[in-house]
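# Commentary on secondary and tertiary structure
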Amino acid sequence: MNLKGRHFLKLLDYTPEEIEYLINLASTLKKDKKAGVDQKDLRGKNVALIFEKTSTRTRCAFEVAAADLGIHPVYLDPQGSQIGKKESIADTARVLGRMFDGIEYRGFGQEIVEDLAKYAGVPVWNGLTNEFHPTQILADFLTIKEHFGKLKGINFVYMGDARYNMGNSLMVGCAKMGLNFTACAPEKYFPNSELIATCKKIAEKTGATINFETDPIKATKNADVIYTDVWVSMGEPDSVWKERIEELLPYQVTSEIMENAGAQCRFMHCLPAFHDLNTTIGKQVYDKFNLSELEVTNEVFESSQSIVFDEAENRMHTIKAVMYATLVNTDKN
Ligand code: CP
Ligand code: NVA
């Protein structure tokens, strides 16, 4: 397997074998790091980390993974560069491509990261767009493999706004890797029909199933994984909170839902999560709507079935695998 020079923009661009390779490479890199193995094989390389939206996990994952590999990372924050305001993406790509060996981009439309990749001349990695969050899915799937020993045949239920980056990417990931994906939400929150059709076609070959269900009790029966995300994503206006709460509250992940699934079920969330009042936005929502827990209850979030911090750790190991595989010819190793 040689992925040197490849972009990592969305899972649709990768075969199941390539995705499996990245997950297995991450697992090896994780074990090696814990065993104290020196991983600085990429000494002398430089990567640019462009963040037009804020981040804790993705930024830290790229920075720590880069440091572990001997790579020098340069962080460009949402305000501090010329990108988009004074300089087009095409020009930025050609400038950064002359200085860096790879570029991470987190921002708005998927077309921006695709454009960056078109002009950069070096690997571009998608650190989240409105449509897709592919590095998150690698971490999620490594975590599922660690907990269940497999991906194929896992009953995976996504609750909430399934038409945004997380719902879309998880549906694609499940289709590619043979999981049984169910989106559980009111119909308007299902992914767009074109993406559904693409995933159903992929699923025919991999043995995955792609399902849609509006009833949370029916959807979560025998689920191995129940996954959710925030109801309002970065870049969306505050004015949508009212409607989202009204429409998605029946899809909150509660202890009743976890019990309905069964003791084997694990709770997952890409994070950050609104499960208590210890955040500014959480408090604002509480003042306005009198709700102290949103997409998941605190009880579920803090329960032994919750594996959200394993997931968060795995962001680093999987992002390290993506950088390693696309910057080095692993065939030679
Ligand atoms: N899950 C995730 O992407 O987290 P950050 O927004 O903190 O990077
Ligand atoms: N859907 C969320 C994911 C955050 C990791 C967002 O885009 O804000």
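Look above for the structure.
First, a word on what this report is: a plain description of the structure on this page. Here the structure is a predicted model, which is why all the values come from computation and not from measurement.

## Brief notes about the side chain of Asn165
Tracing the sequence through the fold places Asn165 in helix H6 (residues 165–177). A polar contact of 3.0 Å, which involves the side chain of Asn165, links it to the backbone oxygen of Thr129. Excluding residues that lie within four positions of it along the chain, Asn165 makes contacts with Leu128, Thr129, Asn130, Glu131, Phe132, His133, Asp229 and Ser233.

## Quick look at helix H1 (residues 16–34)
At 3.6 residues per turn, the α-helix brings residues three or four places apart onto the same side. The end-to-end C-alpha separation of H1 is 27 Å, in line with the 27 Å expected for 19 residues at 1.5 Å each. Those residues of H1 that fall on the buried side of the exposure criterion are Glu18, Ile19, Leu22, Ile23, Leu25, Ala26, Ser27, Leu29 and Lys30. Just downstream of H1 lies Gly36, where phi reads positive at about 80°.

## Section: the pairing of strand S6 (residues 180–184)
Of all five residues in S6, five are buried; the element is thus mostly enclosed. Along S6, one buried face is formed by Asn180, Thr182 and Cys184 and the opposite face, lined by Phe181 and Ala183, is buried too. Of the pairings in the sheet, the one linking strand S5 (residues 155–159) to S6 comprises five bridges and is parallel in character. What sits directly across from Met159, in S6, is Cys184. Read as a crossover between parallel neighbours, the route from S5 over H6 to S6 is right-handed. Sheet topology note: the S6/strand S7 (residues 209–213) ladder contains five bridges and is parallel. Bridging across to S7, Cys184 finds its partner in Glu213. Viewed along the sheet, the connection from S6 through helix H7 (residues 193–206) into S7 turns out right-handed.

## Overview of the pattern of salt bridges
Tallying each qualifying case throughout the model produces 15 salt bridges. For Glu63, the salt bridge goes to Arg59, with nearest N and O atoms at 2.9 Å. Residue Glu63 and its partner Arg59 are located together in helix H2 (residues 57–69), separated by four residues, close to a single helical turn. Relative accessible area serves as the criterion here: at 25%, Glu63 is assigned to the partly exposed category. Judged by relative accessible area, which is 28%, Arg59 ranks as partly exposed. Here Glu246 ties to Lys242 by a salt bridge, and the two come within 2.9 Å at their closest N and O atoms. Highlighted residues: Glu246 and Lys242, both in helix H9 (residues 241–248), separated by four residues, approximately one helical turn. Connected via shared salt-bridge partners are Asp161, Arg163, Glu236 and Arg244.

## What to know about unusual backbone geometry
A negative phi angle characterises most non-glycine residues, just as the trans form characterises most peptide bonds. A cis amide bond, omega 0°, links Leu271 with the succeeding residue Pro272. Mapped onto the elements, Pro272 comes out in the loop between strand S9 (266–269) and helix H11 (280–289). A positive phi angle, near 65°, is found at Leu271, a position not held by glycine.

## Some thoughts on the site of ligand 2
Contacts to ligand 2 come from Leu128, Tyr164, Asn165, Asp229, Val230, Ser233, Met234, Cys270 and Leu271. Contact distances for ligand 2 include 2.6 Å between a nitrogen atom and a side-chain N or O atom of Asp229. Of the residues contributing to the shell around ligand 2, the split by class is six nonpolar, two polar and one charged.

## Structural notes on the packing of H6 against H7
Interhelical geometry of H6 versus H7 gives an angle of 20° and a closest axis separation of 7 Å. Between H6 and H7, the angle is such that the two are roughly parallel. In contact with Asn168, Met171, Val172, Ala175 and Lys176 of H6, H7 contributes Leu195, Ile196, Cys199, Ile202, Ala203 and Thr206. Split by residue class, the contact of H6 with H7 holds eight nonpolar, two polar and one charged.

## A look at the sheet that holds strand S2 (residues 72–76)
Pairing in this open sheet of four strands is parallel, and the strands run S2-S1-S3-S4 from one edge to the other. Of all the strands in the sheet, the pair left with one neighbour each is S2 and strand S4 (124–126). Strand-to-strand twist in this sheet, taken as the mean axis angle between neighbours without regard to direction, amounts to 20°. Looking at chain direction, strand S1 (residues 46–51) and S2 are connected through five bridges and run parallel. Within S2, the position partnered with Ala48 by the bridge is Val74. In this fold helix H3 (residues 89–99) packs onto S1, S2 and strand S3 (102–106), with an angle of close to 150° to the strand it touches most, S1. Sitting on the sheet, helix H4 (residues 110–120) touches S1, S3 and S4, and the angle it makes with S4 is about 170°.

Cut-offs applied
- Residue indices follow the written sequence of each chain, beginning from 1 at its first position.
- Chain labels run from A onward and ligand labels from 1 onward, assigned in the order the entries are written.
- pLDDT decides what is reported in this predicted model: residues at 70 or higher carry local features, side-chain atom pairs at 80 or more are listed and counted, and totals for whole chains, interfaces and linings draw on all residues regardless.
- Excluding hydrogens and water, the side-chain values take into account all heavy atoms of the structure.
- Only DSSP runs of H or I with at least four residues qualify as helices, and only runs of E with at least two residues qualify as strands; both kinds are numbered from the N terminus onward.
- Within 3.5 Å is the distance limit for a polar contact, defined as a pair of N or O atoms, with the added protein rule that one can donate a hydrogen and the other accept it, and that residues adjacent in sequence qualify only through two side-chain atoms.
- Here, two residues are considered to be in contact whenever any of their heavy atoms come within 4.5 Å of each other.
- Multiplying one less than the number of residues by 1.5 Å gives the expected span of a helix.
- For the exposure calls, accessible area comes from a 1.4 Å probe over protein chains only, and a residue counts as buried if that area is under 20% of its type's maximum, exposed if over 50%, partly exposed in between.
- Being paired, for any two strands, means DSSP has found at least two bridges between them.
- Crossover handedness is defined here as right-handed if the route from the first strand over the helix to the second strand goes clockwise, with the strands pointing away from the viewer.
- Salt bridge, as applied in this entry: a Lys or Arg side-chain nitrogen positioned within 4 Å of an Asp or Glu carboxyl oxygen.
- One heavy atom within 4 Å of a molecule or strand makes the whole residue count as near it.
- Residues are sorted three ways: Asp, Glu, Lys and Arg are charged, Ala, Val, Leu, Ile, Met, Phe, Trp, Tyr, Cys and Pro are nonpolar, and all the rest, Gly among them, are polar.
- Each axis is a line fitted through C-alpha atoms, and for a helix only the stretch in contact is used; angles between axes span 0 to 180 degrees, taken between their N-to-C directions.
- Orientation categories follow fixed angle ranges, with anything under 35 degrees roughly parallel, anything over 145 roughly antiparallel, 65 to 115 roughly perpendicular, and all other angles oblique.

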